Amino acid sequence: MSSIPYAPPVSCHLITWGDDFETGLAEAAALGYRACETFTHIALQYEDRLDEFKDLLAGHGFRLSALYGGGRFSDPTQRDEVIAYNARVARFLVANGADRIVFGPAGPRTPGGTSLAELKEAAKTINAAAERCYDLGVLACVHPHLWTEIETREEIDAIMEWTDPRTVFFAPDTAHLYRAGMDPVAVMADYAERIRYVHLKDVTPDEPDMSQFTAFTGTEQLPVFCELGLGPVDFPGIIEYLRSIDYQGWLTVEIDKSTS
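Residues take numbers from 1 onward in each chain, read along the sequence in its written order. In view of the model being predicted, local features appear only for residues whose pLDDT reaches at least 70, and side-chain atom pairs are presented and counted only at 80 or more, with totals across whole chains, interfaces and linings using the full set of residues. Note that the side-chain values use all heavy atoms of the structure and ignore hydrogens as well as water.

Visitor: How should I be thinking about the nonpolar core in this particular structure?
Guide: Side chains of a nonpolar character, in soluble globular proteins, are inclined to be buried together. Core analysis: the biggest nonpolar cluster contains 68 residues, and Phe21 and Phe103 have the highest contact counts within it. Take this core: its biggest share by element is seven residues, from helix α5 (residues 116-136). Among residues more than four places away in sequence, those in contact with Phe21 are Leu14, Thr38, Ile42, Tyr46, Phe53, Leu56 and Leu57. If you look at the next biggest cluster of nonpolar residues, it comprises nine residues, including Ala66, Val102, Cys141 and Ala171. Take the buried residues of types Ala, Val, Leu, Ile, Met, Phe, Trp, Tyr and Cys, join any two whose side-chain atoms come within 4.5 Å, and each joined set is a nonpolar core. For each residue, the accessible area found with a 1.4 Å probe, counting protein chains only, is set against the maximum for its type, and the residue is called buried under 20%, exposed over 50%, and partly exposed in between. Helix and strand labels come from DSSP, where a helix needs a run of H or I of at least four residues and a strand needs a run of E of at least two; each type is numbered from the N terminus. Contacts: residue pairs with any heavy atoms within 4.5 Å of one another.

Visitor: Would you take a moment to explain the pattern of salt bridges for this structure?
Guide: When charged atoms on two side chains of opposite charge get close, those side chains can pair. Whenever Lys or Arg places a side-chain nitrogen within 4 Å of a carboxyl oxygen from Asp or Glu, that contact is recorded as a salt bridge. According to the stated counting rule, one finds 15 salt bridges in the structure shown. A salt bridge links Asp206 to Arg179, with the nearest nitrogen and oxygen atoms 3.4 Å apart. In this pair, Asp206 is assigned in the loop between β8 (202-203) and β9 (225-226) and Arg179 in helix α7 (residues 174-179), connecting sequence segments 27 residues apart. Each of Arg79, Glu121 and Lys124 takes part in salt bridges that share partners, so that together they form one network.

Visitor: Mind showing me how you'd approach α5 here?
Guide: Since the α-helix advances by 3.6 residues per turn, residues separated by three or four positions end up pointing in the same direction. Compared with the 30 Å implied by 1.5 Å per residue over 21 residues, the 30 Å span of α5 between its first and last C-alpha is a close match. Buried residues of α5: Leu119, Ala122, Ala123, Thr125, Ile126, Ala129, Ala130 and Cys133, and no others. Those residues of α5 that are buried lie in contact with α4 (79-95), β4 (100-103), β5 (139-142), α6 (153-162) and β6 (168-170). In the segment just after α5, Gly137 is the residue with positive phi, at about 100°. Each helix should span, by expectation, one fewer than its residue count multiplied by 1.5 Å.

Visitor: Looking at this model, I keep getting lost on unusual backbone geometry. Mind explaining?
Guide: Glycine aside, residues mostly have negative phi angles, and peptide bonds mostly take the trans form. Of note, the amide linkage connecting Gly107 to Pro108 takes the cis form, showing an omega dihedral of 0°. Summarising the element assignment, Pro108 is placed in the loop between β4 and α5. The phi angle at Trp147 is positive, at roughly 70°, despite the residue not being glycine. When you line up the elements, Trp147 lands in the loop between β5 and α6.

Now the structure itself:
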């Protein structure tokens, strides 16, 4: 392992604080973060109050790393709507000095998984929406997600094969890849040249040590995701791999809910 410090820019997803945007900014800043990704519906509340949004970020020493876009890519009847929505988010990002949009696929999944025909339609929509974002100065990064139309390795491979590498990039999420049965590093290695954004996230172990999940009594269902390091995701291995390819894009820490 190299002794040279690896220091790509790090961001905090404010999902932990739900819709309490200002508390999230304050507490994340107190933890030492200087950039954030927030819920898109919160950000777009400031679409006509850009100065107020910028002041909130600047007041905590923050900048915006990305926002989550996406949509129901596989439905051609929604294509124009998906393109327009992502372009809208991209314009907001540009106005705030950011240049990454996370293309999150919508759920629910088709029973039995997403068909090849659906994936081909999804790729058409992703290509069109990503090109619109690219023209605005924003890179669209596909984010495979549990319970959606792009979840499995086969679905990821199809989408990446059928989309334009000049305008469609990759946003691996360590937890979603792991829980869907993949080795995050192996997936990243196959699409290393297209990685432009990363979510660092962990999943609750199948047999959790309840002494580590002190917010729960042990009788209720634990959340799917947990604090980094409490689950099985190999973060040292992931960081070392990203170092090996000299990835210098955002690493965004994401914790849905505190479990301790």
